[in-house]
Amino acid sequence: MTSTDTRVEAEDSGPSGYAAARLRLLQEGARSGPPRRAALAELTDDWLTGLFTAGSQGLRGVSLVAVGGYGRGELSPRSDLDLLLLHDGSDSGAVAALADRLWYPVWDLGLDLDHSVRTPAEARKTAADDLKVQLGLLDARHLAGDLGLTAGLRTAVLADWRNQAPKRLPELQELCAERAERQGELQYLLEPDLKEARGGLRDATALRAVAASWLADAPREGLAEARRRLLDVRDALHLATGRATDRLALQEQDQVAAGLGLLDADTLLRQVYEAARVVSYASDVTWREVGRVLRSRAVRPRLRAMLGGGKPVAERSPLAEGVVEQDGEVVLARAARPERDPVLPLRAAAAAAQADLPLSLHAVRRLAAAVRPLPTPWPAEAREQLVTLLGSGRPTVEVWEALEAEGLITRLLPDWERVRCRPQRNAVHIWTVDRHLIETAVRASELTRRVGRPDLLLVAALLHDIGKGWPGDHSVAGEIIARDVAARIGFDRVDAAVLATLVRHHLLLIDTATRRDLEDPATVRSVAEAVGSQGTLELLHALTEADALATGPAAWSSWRGGLVTDLVKRVSAVLAGDAPEEPEAAAPTAEMERLAIEACRTGGPVLSLRAQTEPLDTEAEPATGPEDPEPLGVELLIAVPDQPGVLPSVAGVLAMHRLTVRTAELRALDLPDGVEGSVLLLNWRVAAEYGSLPQAARLRADLVRALDGSLDITARLAERDAAYPRRRGVVAPPARVTVAPAASRLATVIEVRAHDAPGLLHRIGRALETARVRVRSMHVSTLGANAVDAFYVTGTKGEPLPGEEAASVARALEEALRS
């Protein structure tokens, strides 16, 4: 059926004919994107024109006007209809009757309708009071009735907008900023709002409004294509969900990607991010130009008076060779010759970041069009300018984005293309891979005084996740890429080897510190062997902190930082030639002995809770965190007469009371002479998920009941879990349990990677109890929704498990967690 046939069917059959024609159009596979949106708008135009014509017989001075997105002729499958019934005020009763004949058929079809009935004067007054109304009227399009009435309103609204632009544009900019603060940045969100987030369709509409003011204009290159891509994704989202939604939820992304003919959800997100980045950059440039023009208008009268009426000349201040500041931006000097100076892009970028000024759009485009490629290896100046750019702190981000918008980054670093706009489906990460790398460099710039080679730290920060664009372990792939990039940008072989080591092992310190027993000499020796030198260890320590701080709030804390610092001190001692001694069980404190004796006397568990804080180190260099001591959690000491089921019982009770376990140690305690019995001592650090800590008496009472079997912890946790409403979301991958080879000579290390959930440690404890192994210590780490826990287990006599038995325990634990 042709589009003409569809319109005829809609006109001949009334609302039901329009509904059938609309459904047929949306189900057509041949048309999508702009042609389908235009066809849907045209079909709707014809239907509404028919309704208007039938209801306005003999009525003059009235017209039907489409505004907003419908006014632009863009209708997504579930878009609402923005309509204005415009009239001259001569017959309000007849106009009201006509409105009913227009609105009710729309509602009867279940379509969303945003409608108003106004005279031109009322419309202009409402627009003057409400910026959103004015923006909608800028796209007003005549549908039916008195064309002169509509044309007059359009002319008046545009004139009002241009006359009031100096006042309304700052208001519009503030509206965009508030929305960005509320909705976040589209180019980084895993579940973005295609319309409201920064860089989305609302911002694209705002740029059209700025252009209509004649005060400034947005960069046009790529903007129309970016906007089309976002509209195409929204169309596919509407068809996939059957709802008028702009939120690209995780559970819909695969279906939306399939609807657009894309490989997978990651490809979809990357295209969305690329489009959003174009809109965001265009917005930054445009609002900067608006500010420049408004400032110029405010200053011009005074300058003209001072200069006797002559035209003011913008002052140009030198920043670097070939680079000057003019009117609050960094531009190229008149004598600059980018076609003869391949280092100029990096020099200009470094100068801009150091001065905390934006690179002008004209300068970046001139550099992109004229500059020659750098030779391989880079000259020393180019490498130095890159390091200067990376070490400039927060201003680096805006300058880097300007270079990237014109393709200069991938020309300088071809490997960047694979990580550009690459999503990270991990709740811990708040940035795409490329932005995370820049954020890590920003964080590393704050730590450069802690290392002897700040240049290697900054470049390692830029490259540490560069392998995420390749299959397999990104650290392994990244090591190869880092070595190649280091050679290309002019580092010698020794420095290139250090950079490769930093990239290969950038997760080593944090993983080891949070998942391994630092008292075990094997742990420390393995890290020392991987790092190799004190200088590399120093760099790796700073890189670890910068990486974690740039990942997100869940990735770093004083607790994690303390563990990493402890590990670094131990490794440093080994590298200095001090062999770690075999650990001896620490002598019990007086508090521990008191609890143990009390447990023997009463035949039940006794415990104590004590808050811990990190003391402020007044001699340390300025920290990135708060100045006040930060709570590190609560030390929970529990003494229990030796009996089966202690670990799952304690873990279950803590889960019931919403306590998160950070570290845990369990050991048998030798009692003083004259005291009979065997006592298990649990020394754990816990933190409340929210609210205040429970009273120790309540914990003890529940623990007593759990140990004697009168408290069914499994049932209680299941009841609590069932009480929460189920939300659709990504299905978590199954748990994985492995045995870490050669991780310790004192125990077998079993690693558990699973979806974090209340009672997870309780389930693990039950499975290990069933396997008849003893837990010497455990190290738990929760990253977003993922738990990565390491359990040091031994046989009943305190020895590491034989290989086959260890594998069997791991398999049994994995099966228990997957069931």
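Residues numbered from 1 in each chain as written. Predicted model: local features only at pLDDT ≥ 70, side-chain atom pairs only at ≥ 80, totals over all residues. Heavy atoms only, no water.

Along the backbone of the protein there are 31 helices and 16 strands. Of all 819 residues assigned to the protein, the portion counted as buried reaches 51%. As displayed, the protein offers around 37,600 Å² of accessible surface, 50% of which is attributable to carbon and sulfur atoms. (Helix = DSSP H or I, 4+ residues; strand = E, 2+ residues; numbered from the N terminus. Buried < 20%, exposed > 50% of the residue type's maximum accessible area, 1.4 Å probe, protein only. Areas by Shrake-Rupley, 256 points an atom, 1.4 Å probe, with all protein chains shown as cover.)

This brings us to the side chain of arginine 227. Along the chain, the position of arginine 227 falls in helix H10 (residues 223–241). Classification of arginine 227 by relative accessible area gives buried; the value is 14%. Not counting residues up to four positions away in its chain, the partners in contact with arginine 227 are Arg72, Glu74, Leu201, Ala204 and Arg208. (Contact = heavy atoms within 4.5 Å.)

The next point concerns the environment of threonine 551. Position of threonine 551 relative to the elements: it lies in helix H24 (residues 534–551). Look at threonine 551 and you get buried, because its relative accessible area is 6%. Along the primary structure threonine 551 and glutamate 439 are separated by 112 residues, whereas in three dimensions their C-alpha atoms are 8.2 Å apart. Not counting residues within four places of it along the chain, the set of residues in contact with threonine 551 comprises Val428, His429, Ile430 and His436. Within the local environment of threonine 551, its side chain forms a polar contact with the backbone oxygen of aspartate 547, the two atoms lying 2.7 Å apart. (Polar contact = N/O pair within 3.5 Å; in protein donor to acceptor, adjacent residues only side chain to side chain.)

Moving on, we come to the nonpolar core. Counting 95 residues, the largest nonpolar core has Leu359, Trp378, Trp400, Leu413 and Trp416 as its most contacted members. With near-sequence residues (within four places) excluded, tryptophan 416 lies in contact with Trp400, Glu404, Ile409, Thr410, Asp434, Leu437, Ile438, Leu462 and Ile466. Core analysis: the second largest hydrophobic core is formed by 51 residues, Leu636, Ile750, Val793 and Ala806 among them. (Core = buried A, V, L, I, M, F, W, Y, C linked by side-chain atoms within 4.5 Å.)

Before going further, it helps to examine the pattern of salt bridges. What the rule picks out here adds up to 54 salt bridges. The closest approach of N and O atoms between glutamate 196 and arginine 202, which form a salt bridge, is 3.0 Å. For the salt bridge of arginine 570 with glutamate 519, the shortest nitrogen-to-oxygen distance reads 3.1 Å. Within this pair, whereas arginine 570 is found in helix H25 (residues 558–575), its partner glutamate 519 is found in the loop between helix H22 (508–515) and helix H23 (521–531), the two being separated by 51 residues in sequence. By relative accessible area, which is 25% here, arginine 570 ends up partly exposed. If you follow the salt bridges from partner to partner, you end up with Arg37, Glu225, Arg228, Asp232 and Asp235 in one network. (Salt bridge = Lys/Arg side-chain N within 4 Å of Asp/Glu carboxyl O.)

Overall, the coordinates contain four aromatic pairs when judged by the stated rule. Note on tyrosine 104 and tryptophan 107: the rings are 5.1 Å apart at their centroids and 90 degrees apart in plane angle, and the pair reads as edge-to-face. Remark: tryptophan 107 and tyrosine 104 occur in helix H4 (residues 92–108); sequence separation between them is three residues, near one turn of the helix. When the ring centre of phenylalanine 491 is taken as origin, the NZ or CZ atom of arginine 383, which lies over that ring, is 5.3 Å away. (Phe/Tyr/Trp six-rings, centres within 6.5 Å; stacked < 30°, edge-to-face > 60°. Lys NZ or Arg CZ within 6 Å of the ring centre and 35° of its normal.)

Moving on: the sheet that holds strand E3 (residues 113–118). With respect to topology, four strands assemble into an open sheet ordered E3-E2-E1-E4, the strand pairing being mixed. Looking at which strands have only one partner, the edges of the open sheet turn out to be E3 and strand E4 (141–145). Recorded for the sheet is a direction-independent mean angle of 20 degrees between the axes of neighbouring strands. Summarising the sheet, strand E2 (residues 81–87) and E3 pair through six bridges and their orientation is parallel. The partner of leucine 84 across the bridge, within E3, is serine 116. In this fold helix H2 (residues 33–55) packs onto strand E1 (62–66), E2 and E4, with an angle of close to 35 degrees to the strand it touches most, E4. This element, helix H5 (residues 120–129), spans E2 and E3 of the sheet and lies at about 120 degrees to E3. (Pairing = 2+ DSSP bridges. Axes fitted to C-alpha atoms, helices over the stretch in contact; angles between N-to-C directions.)

Taking 1.5 Å as the rise per residue, H25 with 18 residues should run 26 Å; its terminal C-alpha atoms sit 25 Å apart, in good agreement. For H25, the full list of buried residues reads Ser558, Trp559, Arg560, Gly561, Leu563, Val564, Leu567, Val568 and Val571. Backbone geometry just after H25 places glycine 577 at a positive phi near 105 degrees. (Expected span 1.5 Å × (residues − 1).)

This paragraph deals with the environment of glutamate 805. Assignment of secondary structure puts glutamate 805 in helix H31 (residues 803–818). Here glutamate 805 falls in the partly exposed class, since its relative accessible area comes to 35%. Expressed as a C-alpha distance, the spacing of glutamate 805 and glycine 795, which sit 10 residues apart in the sequence, is 9.7 Å.

Coordinates in, geometry out; function isn't part of it.
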